[in-house]
Amino acid sequence: MSKLALLGGEPVFTEKTPQELFKWPIITQEDLDAVTYVTVNNRFSGTEITTEFEKEFAKWQGRKHAVAFTNGTMSLAAAMFAVGLSEGDEIICPTKTYWASIAQAAYFGAKAVFCNIDDEMVMDPVDLERRITPRTKAIMVVHYMAYPCDMDAIMDIANRHNLYVIEDVSHAHGSLYKGKKCGNFGHIAAMSMMSQKLFAAGELGILVTDDTRLYERAMAYGHYERNNDNLIHESEELRDYFHMPLGAVKGRVNQLCAALARVQLKYFDERCAEVNRAMNYFFDGVEGLPGIKPRRVDGSDGSSMGGFYVPKLMYKPQELEGLSAARFAAAVQAEFNGAANCSSGANFNLHKHKYFTAFDPLHSTAPRTDVDAADATLDSAEDLYCVSVPWFKHLDKEWIDLYICAYKKVVENYQDLLPGDEKRQEGQWYGSSYDKDYTKKNA
């Protein structure tokens, strides 16, 4: 079995993997009953189920307030509105993240300022502080792909510079930083619960905070029917605007999603723990192999990766004679023989995109030139490579051992892949060479 499948050898996998190994979310009769109730009773556009979920989620998260929205993108926009992001402000965000972490800032007249990432692809606190100017209003922390950021350092910086901290926890439901849930450190946090997330509830978002004024402002942003005298306790400036969504958007949740979310929350911790056991078993199996490094925290300080949303191996081409991440991933994919997918790369670096350098939705007179796509100080964001691994939902050692074998086989035979390798290290989601092609077209 030494000849790689990509080069004509026999693949590691010759049978299909049981569907249960990857199926997510786990749907039971209890979920079906909950959504059936909404359907039969035409409660899609009500709020009574949603408000119960908000209470339950706030308790689970360990926050005083929670408010649900139609999706995570709107939840993050509501967080920006809550902290008062406005024209001329700057908000700092890591360049390696999904666009919804920061793109909404343009519609508040604010500018995105990007900082670098560290070796685990999360916000680098040193580079973060270097980006602060008198116009900085907030920091958008992203616990990228479930890896908790260095919140001690980030909060210290924010407190010294009197900045708001918004946590994007869309990838990190249940992840811990030093024993405390991600989303419990900043002034406000928001997250997605769309169908592909670890906490999957159809299409849903939620915002959490301990600050009553921020909660009320977030509610007023997109919940016109709940922006009323029953809500306002600390935000007197909202009283003149009762019964209107101040963001001119409707954030009311489809209660099919809220009903599903309530049931999912009941079993989330135990299911997440099972995912954690399965992923750590896999990572233990590939630990120490040259060229690949499990992307996980050691846990000695109480930190954890929650349910390992979008698990990755950091890829070290220098340890495999420069073999590209794309070539390595293709070889692993061939060993899977359709049993799972393996790809290279992650989200494209946002500072590369023209949206953040030229697009001006408000037709402002202020130039949008603070973002430099050629910023050499963001080079480390370009020089990190990763490859995907299967996202196991159950600890089935017999099957997971086969996946471990596939990665080991490619590592052990990597030299056979060097001939013909095009060295395309910039493989990305949403297009295998997005950064390269986009930069060429827009240079």
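Above this text you will find the structure in question.
What you see is a predicted model; the values in this text were computed from it and never measured.

Conventions adopted
Going along each chain's sequence as written, the residues are numbered from 1 onward. Totals for whole chains, interfaces and linings use all residues, but because this is a predicted model, local features are given only for residues with pLDDT of at least 70 and pairs of side-chain atoms are given and counted only at 80 or more. Hydrogens and water are ignored here; the side-chain numbers use all heavy atoms of the structure. Counting from the N terminus, the helices are DSSP H or I runs at least four residues long and the strands are E runs at least two residues long. A radius of gyration in this sense is built from C-alpha atoms; the matching globule rule multiplies 2.2 Å by the number of residues raised to 0.38. Exposure classes here rest on a 1.4 Å probe applied to the protein chains alone. A residue is buried below 20% of its type maximum, exposed above 50%, and partly exposed in between. We call two residues in contact when some of their heavy atoms are within 4.5 Å. The Shrake-Rupley method, run with a 1.4 Å probe sphere, supplies the accessible areas, and residue values consider only the shown protein chains as cover. Positive: Lys, Arg. Negative: Asp, Glu. His and the chain ends are not part of the count. Charged groups are reduced to one reference atom each: NZ for lysine, CZ for arginine, CG for aspartic acid, CD for glutamic acid. Counting of polar contacts relies on pairs of N or O atoms within 3.5 Å, with two restrictions inside protein: one atom must be capable of donating a hydrogen and the other of accepting it, and residues adjacent in sequence are counted only when both atoms are side-chain atoms. Two strands make a pair as long as DSSP finds a minimum of two bridges between them. Geometry is summarised by axes, namely lines fitted to C-alpha atoms with helices restricted to the contacting stretch, and by angles between N-to-C directions that run from 0 to 180 degrees.

**Q** I keep staring at the overall build of the protein and nothing clicks. Help me out?
**A** When helices and strands are tallied, the protein shows eleven helices and twelve strands. Whereas a compact globule of 443 residues would reach a radius of gyration of roughly 22 Å, the protein reaches 23 Å, a difference of no more than 12%. Once the C-alpha set of the protein is aligned to its principal axes, its extents read approximately 75 × 55 × 40 Å. Out of the 443 residues belonging to the protein, those deemed buried represent 56%. In the protein, of all internal contacts separated by at least 6 residues, the share reaching a separation of at least 24 is 73%. Here the protein displays about 18400 Å² of accessible surface, and carbon together with sulfur accounts for 50% of that area. Charge-centre separation for the protein: the mean point of 47 positive side chains lies 3 Å from the mean point of 61 negative side chains.

**Q** It is not clear to me how helix α6 (residues 212-222) should be interpreted in this structure. Could you clarify?
**A** Spacing of three or four residues puts side chains on the same side of an α-helix, whose turn is 3.6 residues. Within α6, ten of the eleven residues are buried, leaving the element largely enclosed by the surrounding structure. Within α6 the residues assigned to the buried category are Thr-212, Leu-214, Tyr-215, Glu-216, Arg-217, Ala-218, Met-219, Ala-220, Tyr-221 and Gly-222. Along its buried surface, α6 packs onto β1 (65-69), α3 (72-82), β5 (164-168), β8 (188-192) and β9 (205-209). The N-terminus of α6 is capped by Asp-211, whose side-chain oxygen sits 2.9 Å from the backbone nitrogen of Arg-213.

**Q** Would you explain the environment of His-143 in this entry?
**A** For His-143, the position within the fold is in the loop between β4 (136-142) and α5 (151-161). The class for His-143 is buried, based on a relative accessible area of 0%. Other than its neighbours up to four places away in sequence, His-143 contacts Pro-148, Cys-149, Met-151, Glu-167, Asp-168, Val-169, His-171, Ala-172, Cys-182 and Gly-183. Only 3.1 Å separates the side chain of His-143 from the backbone nitrogen of Cys-149, close enough to count as a polar contact.

**Q** Quick question: what am I supposed to make of the sheet that holds strand β12 (residues 385-388) here?
**A** By definition, the strands of a sheet pair up through backbone hydrogen bonds, in either a parallel or an antiparallel sense. Here we have three strands laid out as an open sheet, ordered β10-β11-β12, and antiparallel in their pairing. With one partner strand each, in any of the chains shown, β10 (292-294) and β12 form the two edges of the open sheet. When the angles between neighbouring strand axes are averaged without regard to direction, this sheet yields 35°. Alignment of β10 against strand β11 (residues 312-315), held across three bridges, turns out to be antiparallel. Paired with Pro-294 across the two strands is Leu-313, which belongs to β11.

**Q** What exactly am I supposed to notice about the side chain of Glu-120 here?
**A** The topology assignment puts Glu-120 in the loop between β3 (111-115) and α4 (125-130). There is a polar contact of 2.8 Å between the side chain of Glu-120 and the side chain of Lys-293. Contacts of Glu-120, omitting those with residues within four sequence positions, involve Tyr-147, Lys-293, Arg-295 and Met-314.

**Q** I would appreciate a short explanation of the pairing of β3 in the present structure.
**A** Within a regular strand, side chains alternate between the sheet's two faces. Within β3, five of the five residues are buried, leaving the element largely enclosed by the surrounding structure. Alternating positions in β3 separate into two faces, Lys-111, Val-113 and Cys-115 on one and Ala-112 and Phe-114 on the other, with burial throughout. Bridge count for strand β2 (residues 90-94) against β3 is five bridges, and the pairing is parallel. Considered in β3, the bridge of Glu-90 is made with Lys-111.

**Q** Is there a simple way to explain the sheet that holds β8 in this structure?
**A** Within the open sheet, the seven strands sit side by side as β1-β9-β8-β5-β4-β2-β3. Their pairing is mixed. The open sheet is flanked by β1 and β3, the only strands paired with a single partner. Here the average twist between neighbouring strands, direction ignored, is 25°. Across four bridges, the pairing between β8 and β9 is antiparallel. In the strand pairing of β9, Ser-192 is matched with Gly-205. Seen against the sheet, helix α2 (residues 48-61) touches β1, β8 and β9 and runs at an angle of roughly 130° to β1. Relative to β5, α5 is tilted by about 150°, and along the sheet it contacts β4 and β5.

That is the geometry; function is a separate question.
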